[in-house]
2 protein chains.
Amino acid sequence: MGSSQKKITDKTRQKQRDALIAALQCFTEHGFEATTIEMIRDASGMSVGSLYHHFGNKEKIASALFREGMRGYARIVKQYATDLMANSPEPGLEQGIKMLVYANVDWISGNPDWARFVFHHRFTVTQSGDEGAFRGDISDFRKMLSSWARFMGVAEFDSLDINFVSSLITGPTHNYARQWLAGRVKTPLSEHREAFAEAAWAAVQGVLIKGSSTS
Amino acid sequence: MGSSQKKITDKTRQKQRDALIAALQCFTEHGFEATTIEMIRDASGMSVGSLYHHFGNKEKIASALFREGMRGYARIVKQYATDLMANSPEPGLEQGIKMLVYANVDWISGNPDWARFVFHHRFTVTQSGDEGAFRGDISDFRKMLSSWARFMGVAEFDSLDINFVSSLITGPTHNYARQWLAGRVKTPLSEHREAFAEAAWAAVQGVLIKGSSTS
DNA sequence: CAAATTATAGAATATTATTCTAGAATTTAA
DNA sequence: TTAAATTCTAGAATAATATTCTATAATTTG
């Protein structure tokens with residue numbers, strides 16, 4: 001592919017970011033379907049032409065937004081991991097897993113609009129347009145998990161499907177988060193922070209003991 | 001509201017069902033956004049006028065589809081619960097919880113297109129149009145869970161947020177299912193059937209022991 | 001500074017959802 | 001059985017919306 005690298009200055013990058021925030025507000029308020037380009041134009045102050053110049057089409061706006069959201073998510077996970085390593089010289093698998101739950105709960109609680117959008121578009125976006133762009137972002141968490149396990153010498157982990165294990169860890173949190181973000185449950189996700197961490201650890205222990213779920 | 005009850009014959013009900021199946025195929029193949037009314041017209045053999053006569057608009061087609069999907073899901077859960085009661089006179093909480101996981105895994109595995117659609121639209125649909133219509137459907141599972149717990153005299157359950165507990169049980173399964181349905185993981189959900197059941201039980205035990213997660 | 005590139009604007013166009021009108025099929029009620 | 005009422009079908013007409021296009025302004029590069 002002729003990757004005709006356009007020069008993008010910092011100022012325009014910031015404008016794009018602002019436009020994405022405006023778009024996110026629209027999506028949050030009206031949903032993706034219902035927001036029109038016109039609405040985004042209004043909210044962002046950009047012209048239709050500029051929006052299309054920068055993003056290509058509505059789908060790609062969502063795509064860019066998704067990637068931006070994932071970057072924020074990856075950032076906090078990395079941060080928490082770093083902190084854990086700094087504070088405890090020999091963190092166990094339990095600490096590692098709970099840390100992952102905390103990072104998830106905290107990011108979602110602190111960035112509900114981003115989280116709602118990311119959850120809702122993880123599916124849609126991935127199968128359309130510029131996939132390659134965020135291939136890396138998504139798997140950050142997974143890679144971290146497996147290197148953790150390796151680092152801590154949990155041999156049983158190698159025989160487990162990494163996707164299966166991460167579902168155990170984040171599944172309940174994400175499931176509840178979706179409900180909470182959609183307003184279908186009132187008790188904030190954050191109130192179950194500790195309980196989800198405990199449950200994740202218990203679940204992983206459960207399969208490590210039985211241990212026959214090879215992939 | 002003037003509930004001007006239209007008379008709906010069995011034949012037309014069947015036609016509607018057929019149209020919904022056709023719509024589901026379109027959505028499965030192209031995604032909701034990308035499928036046009038025209039496509040659904042083609043696939044269903046109906047005219048645009050008929051489609052709008054029966055469903056109202058594109059969103060309502062999705063809504064009807066969602067409800068149809070949820071009915072199928074509720075049916076299998078009810079079935080599994082009945083079978084469990086029939087086969088074991090005094091089923092424990094462990095059996096009950098594993099049964100719920102099995103029902104979920106089996107329905108999703110057996111109806112991937114429906115599952116994909118339901119997962120993707122649980123959010124969208126709920127916040128638009130005719131909400132009341134499926135208020136009941138969705139909560140079937142939850143109600144069953146709490147009556148199970150009551151039936152089995154698990155007192156600790158009363159102090160737990162029912163939404164929290166059902167996230168523990170179905171969260172990992174659904175999380176993995178989403179990935180699998182989107183083609184992002186290859187190992188079929190069904191291969192982890194037993195492991196997810198074990199994990200759910202372990203997770204619930206984990207919070208029951210700690211038990212301080214009151215709502 | 002001049003050429004080249006990138007950004008902005010909004011009108012023009014194309015696509016798609018929705019509405020509308022007329023008539024066909026079916027049901028209801030006598 | 002038949003006529004009125006209701007429901008269904010069809011596709012053209014319309015409206016809403018996404019996308020493209022053309023022109024110009026701003027910015028960067030050499």
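Residues numbered from 1 in each chain as written. Chains lettered and ligands numbered in written order. Predicted model: local features only at pLDDT ≥ 70, side-chain atom pairs only at ≥ 80, totals over all residues. Heavy atoms only, no water.

1. A look at helix 10 (residues 193–210) of chain A
Then step 1. With 18 residues, helix 10 of chain A extends 26 Å from end C-alpha to end C-alpha; this agrees with the ideal 26 Å at 1.5 Å per step.
Then step 2. Counting buried positions along helix 10 of chain A yields 13 of 18 residues, so the element is predominantly enclosed. (Helix = DSSP H or I, 4+ residues; strand = E, 2+ residues; numbered from the N terminus. Expected span 1.5 Å × (residues − 1). Buried < 20%, exposed > 50% of the residue type's maximum accessible area, 1.4 Å probe, protein only.)

2. A short note on the protein's contact with DNA strand C
Then step 1. DNA strand C sits among 20 residues. The nearest are K15, H53 and H54 of chain A together with I37 and Y52 of chain B.
Then step 2. The contact atoms of DNA strand C, taken as those within 4 Å of the protein, divide so that sugar and phosphate hold 74%.
Then step 3. Contacts to DNA strand C include H53 of chain A, whose side-chain N or O atom sits 2.6 Å from a phosphate oxygen.
Then step 4. Taking K58 of chain B, its main chain carries an N or O atom lying 3.1 Å from a phosphate oxygen of DNA strand C.
Then step 5. When residues of the surface near DNA strand C are traced back to their parent elements, those giving at least two are helix 1 (10–30) and helix 3 (48–55) of chain A together with helix 3 (48–55) of chain B.
Then step 6. For the surface near DNA strand C, the element with the most residues is helix 3 of chain A, which contributes 4 residues.
Then step 7. For the surface near DNA strand C, a count of residues per class yields 4 nonpolar, 11 polar and 5 charged. (Near = heavy atom within 4 Å. Polar contact = N/O pair within 3.5 Å; in protein donor to acceptor, adjacent residues only side chain to side chain. Nonpolar A, V, L, I, M, F, W, Y, C, P; charged D, E, K, R; others polar.)

3. Things to note about the environment of F27 of chain A
Residue and element names in this part refer to chain A.
Then step 1. In this fold, F27 is placed in helix 1.
Then step 2. Note: C-alpha distance between F27 and D113 (86 residues apart in sequence) is 9.0 Å.
Then step 3. Those residues in contact with F27, other than ones at most four positions away along the chain, are F32, T35, I40, I61, L65 and F117. (Contact = heavy atoms within 4.5 Å.)

4. Focus: the domain arrangement of chain A
Residue and element names in this part refer to chain A.
Then step 1. If you check the domain split of chain A, you get domain 1 (1–56) and domain 2 (64–214).
Then step 2. Between domain 1 and domain 2, roughly 740 Å² of surface is buried when both sides are summed, and carbon and sulfur atoms account for 78% of that area.
Then step 3. Contact with domain 2 buries area across many residues of domain 1, yet L20, L24 and T28 alone supply 59% of it, more than any other trio.
Then step 4. At the boundary of domain 1 with domain 2, the tally comes to 1 salt bridge.
Then step 5. Across the salt bridge formed by E68 and R17, the nearest N and O atoms sit 3.4 Å from each other.
Then step 6. Summed over the shared surface of domain 1 and domain 2, the result is 1 residue pair in polar contact (both at pLDDT 80 or more). (Domains from an automatic or database assignment. Buried area = accessible area lost by both parts, 1.4 Å probe. Salt bridge = Lys/Arg side-chain N within 4 Å of Asp/Glu carboxyl O.)

5. A look at the relation of the copies chain A and chain B
Then step 1. Note on the identical chains: chain A maps onto chain B by a rotation of 180° and an axial translation of 0.0 Å, with an RMSD of 0.1 Å. Such a turn and shift between the copies fits a two-fold axis.
Then step 2. Interface overlap between copies: 98% of the residues of chain A at the interface are likewise at the interface in chain B, consistent with a symmetric, same-surface contact. (Least-squares fit on C-alpha atoms with pLDDT ≥ 70 in both.)

6. Let's talk about the protein's contact with DNA strand D
Then step 1. Close contacts around DNA strand D come from 18 residues, with I37 and Y52 of chain A together with K15, H53 and H54 of chain B the closest.
Then step 2. Among all atoms of DNA strand D positioned within 4 Å of the protein, those belonging to sugar or phosphate total 71%.
Then step 3. I37 of chain A places a main-chain nitrogen or oxygen 2.8 Å from a phosphate oxygen of DNA strand D.
Then step 4. Between a phosphate oxygen of DNA strand D and a side-chain N or O atom of H54 of chain B, the distance comes to 2.6 Å.

7. A closer look at the packing of helix 8 (residues 162–181) of chain B against helix 9 (residues 193–210) of chain B
Residues and elements named next belong to chain B.
Then step 1. Two numbers describe how helix 8 lies on helix 9: the axes approach to 9 Å, and their chain directions differ by 150°. Comparing their axes, helix 9 and helix 8 come out roughly antiparallel. By crossing handedness, the relation of helix 8 to helix 9 is classed as right-handed. Here F164, L168, I169, P172, T173 and Y176 of helix 8 lie close against helix 9, whose contacting residues are F196, A200, A203, V204 and V207.
Then step 2. Along the lines of polarity and charge, the residues of the contact of helix 8 with helix 9 split into 10 nonpolar, 1 polar and no charged. (Axes fitted to C-alpha atoms, helices over the stretch in contact; angles between N-to-C directions. Parallel < 35°, antiparallel > 145°, perpendicular 65-115°, else oblique. Left-handed = near helix turned anticlockwise from the far one by under 90°.)

8. A word on the packing of aromatic side chains
Residue and element names in this part refer to chain A.
Then step 1. Going through the model one piece at a time under the given rule, you end up with 10 aromatic pairs over all chains.
Then step 2. Taking the centre distance of 5.6 Å and the plane angle of 10° together, the rings of F27 and F117 count as stacked. Here F117 lies in helix 6 (residues 112–126) and F27 lies in helix 1, a separation of 90 residues in the sequence. Across this residue pair, the class does not change: F27 and F117 are buried.
Then step 3. Pairwise contacts between aromatic rings join F27, F32 and F117 into one cluster.
Then step 4. One Lys or Arg, K58, reaches over the ring of F32 and ends 4.8 Å from the middle of that ring. (Phe/Tyr/Trp six-rings, centres within 6.5 Å; stacked < 30°, edge-to-face > 60°. Lys NZ or Arg CZ within 6 Å of the ring centre and 35° of its normal.)

9. Notes on the interface of chain A and chain B
Then step 1. Opposite the 40 residues of chain A that make contact, chain B presents 40 residues.
Then step 2. In this assembly, chain A packs against chain B so that about 3400 Å² is buried in total across both faces, 60% of it on carbon and sulfur atoms.
Then step 3. On the surface where chain A and chain B come into contact, there are 0 salt bridges.
Then step 4. Here chain A and chain B share 8 residue pairs in polar contact (both at pLDDT 80 or more) between them.
Then step 5. Residue assignment for the side of chain A that touches chain B shows that the elements contributing at least two residues are helix 6, helix 9 (162–181) and helix 10 of chain A.
Then step 6. Among the elements that make up the side of chain A that touches chain B, the one with the highest residue count is helix 9 of chain A (12 residues).
Then step 7. For the side of chain A that touches chain B, the residue count by class is 14 nonpolar, 16 polar and 10 charged.

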